[in-house]
Amino acid sequence: MQRLAETLDGVILGKPRAVRLALTCLIAKGHLLIEDVPGVGKTTLAESLARVFGLAYGRIQFTSDLLPSDILGAQIYRAQTGEFVFRHGPIFNQLVLGDELNRAPPRTQSALLEAMAHGQVSLDGHTHRLPQPFHVIATQNSLDAAGTYPLPDSQLDRFLFCISLGHLDSATEVRLLTERHREAAPPLVGVADPDSLTKLQAAASAVKIGIEVADYAVRLGAATRSHPEVERGASTRAMLSLIAGARAHALWESRDFAIPQDIRTTLIPTLAHRIVLKTPGQGALARHDAGRILEEILLATPVPR
């Protein structure tokens, strides 16, 4: 895991925390939403994750005229044989980048739901299994609202983590400008393979969750539901996602058991995009307000020893 992080840090300069969270998300068998302004490395991070694990990679550029069949595939009639043949869409890859997901209408966005939840696609009465491991990394511009559709709660809930990259600090930006040509990134050598990712995911699933840690997570979740600024707090599915992220995070410290710090580290990336505020903002503003509330809850909730 450390070699993976160090390799990605050589491409995604100055963002070690985001890189670590992205790796944690994949090891937890989750899907990742990256919400930020254009040009900060969202697409580069997704492509680099696919290359470092040797995953089959597909990119979908979401637009207002994109159809579900453009994502999933369709039955194609072959006149030579008189038969219909299923043509696989770009969703049939191990890591799929959904670029600017919120530019597609809700009907097209919903084409991802079954794939993200169950690893399969159902079309014309047939169920097609997706390659494993299977992950979706989606991006959305947090500021440009023109021509976009807000992601519905059911779609947001399918993402284990929601993160942002932010701008580089001055020293790192100077390094980037002096060492790289436009749009050029250093060659990335695969550190692992899909089987290695599967083994890491199995190791994360085996991490033990003690009663005290589970109780701490439940108290944090309950606090989101009773907070005066929150309309709808964390669901049971959100709490399961929190535990999955904490399990994967424990592996960074070579532990086979989770501790409260694992819960604390993954709480905001897991819940900030899931809770609904009584006076919600849009995009990044809503995430910022939700993150502030979750930080208050972390400070107010006693940590078990």
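None of the values given here were measured: they were computed from a predicted structure. (Residues numbered from 1 in each chain as written. Predicted model: local features only at pLDDT ≥ 70, side-chain atom pairs only at ≥ 80, totals over all residues. Heavy atoms only, no water.)

Draft legend 1. Here's a closer look at helix α1 (residues 2–9). Of the positions making up α1, those classed as buried are L4, A5 and L8. One side of α1 carries all its buried residues, which in axial view fall inside an arc of 95°. Turned more than 90 degrees from where α1 packs its buried face, R3 and E6 sit exposed. The inward-facing, buried residues of α1 contact α2 (16–27), α3 (42–53) and α9 (194–205). (Buried < 20%, exposed > 50% of the residue type's maximum accessible area, 1.4 Å probe, protein only. Helix = DSSP H or I, 4+ residues; strand = E, 2+ residues; numbered from the N terminus. Arc of directions from axis to C-beta. Contact = heavy atoms within 4.5 Å.)

Draft legend 2. Quick peek at the packing of aromatic side chains. The full count for this structure, using the stated rule, is 1 aromatic pair. Ring geometry for F86 versus F92: centroids 5.8 Å apart, planes at 75°, classification edge-to-face. Residue F92 is classed as buried on the basis of its relative accessible area of 14%. Lying over the aromatic face of F257, R255 brings its terminal NZ or CZ to 5.8 Å of the ring centre. (Phe/Tyr/Trp six-rings, centres within 6.5 Å; stacked < 30°, edge-to-face > 60°. Lys NZ or Arg CZ within 6 Å of the ring centre and 35° of its normal.)

Draft legend 3. Focus on the side chain of H135. As for its position among the elements, H135 is in strand β8 (residues 135–141). A distance of 2.9 Å separates a polar side-chain atom of H135 from the backbone oxygen of G30. Of the polar contacts made by the side chain of H135, one reaches the side chain of Q201; its length is 3.0 Å. With near-sequence residues (within four places) excluded, H135 lies in contact with L26, K29, G30, H31, Q94, L95, V96, L197 and Q201. (Polar contact = N/O pair within 3.5 Å; in protein donor to acceptor, adjacent residues only side chain to side chain.)

Draft legend 4. A look at unusual backbone geometry. Omega for the peptide link from Q132 to P133 comes to -5°, which places this bond in the cis form. Inspection of the secondary structure assignment puts P133 in the loop between β7 (126–129) and β8. Residue E100 is not a glycine yet carries a positive backbone phi of 55°. Its place among the elements puts E100 in the loop between β5 (95–99) and α5 (106–109). With relative accessibility at 24%, the residue E100 sits in the partly exposed group. Of note in the backbone geometry, S254 takes a positive phi value of approximately 60° without being a glycine. Along the chain, S254 falls in the loop between α11 (236–250) and α12 (260–271).

Draft legend 5. Spotlight on the sheet that holds strand β9 (residues 161–163). On the basis of which strands lie adjacent, the open sheet formed by 5 strands has the order β2-β5-β8-β1-β9 and parallel pairing. Edge positions in the sheet fall to β2 (57–61) and β9, since each of these pairs with one other strand and no more. Sheet twist, expressed as the average angle between the axes of neighbouring strands with direction ignored, equals 15°. Helix-sheet contacts for α2 involve β1 (32–36), β5, β8 and β9, and the interaxial angle to β9 is about 160°. (Pairing = 2+ DSSP bridges. Axes fitted to C-alpha atoms, helices over the stretch in contact; angles between N-to-C directions.)

Draft legend 6. A look at the pairing of β5. Of all 5 residues making up β5, 5 are buried, and the element is well covered by its neighbours. Direction of pairing for β2 relative to β5: parallel, over a ladder of 5 bridges. Within β5, the position partnered with I60 by the bridge is G98. Bridge count for β5 against β8 is 4 bridges, and the pairing is parallel.

Draft legend 7. Expanded view of the nonpolar core. Of all hydrophobic cores here, the largest spans 43 residues; its most connected members are L23, L32, L45, L49, F53 and I137. Of all the secondary structure elements, the ones that give two or more residues to this core are α1, α2, β1, α3, β5, β9, α9 and α11. Examining the composition of this core, we find that 8 residues originate from one element, α2, more than from any other. Aside from chain neighbours lying at most four places away, what touches L49 is L8, A22, L23, L26, L95 and I137. With 26 residues, the next largest nonpolar core counts V96, L123, V136 and C162 among its residues. (Core = buried A, V, L, I, M, F, W, Y, C linked by side-chain atoms within 4.5 Å.)

Draft legend 8. Summary view of the environment of D153. Inspection of the secondary structure assignment puts D153 in helix α7 (residues 153–156). Spatially, the C-alpha atom of D153 lies 7.2 Å from that of R274, the residues being 121 residues apart in sequence. Residues in contact with D153, not counting those within four places in the same chain, are R232 and V276. A polar atom in the side chain of D153 sits 2.2 Å from the side chain of R232.

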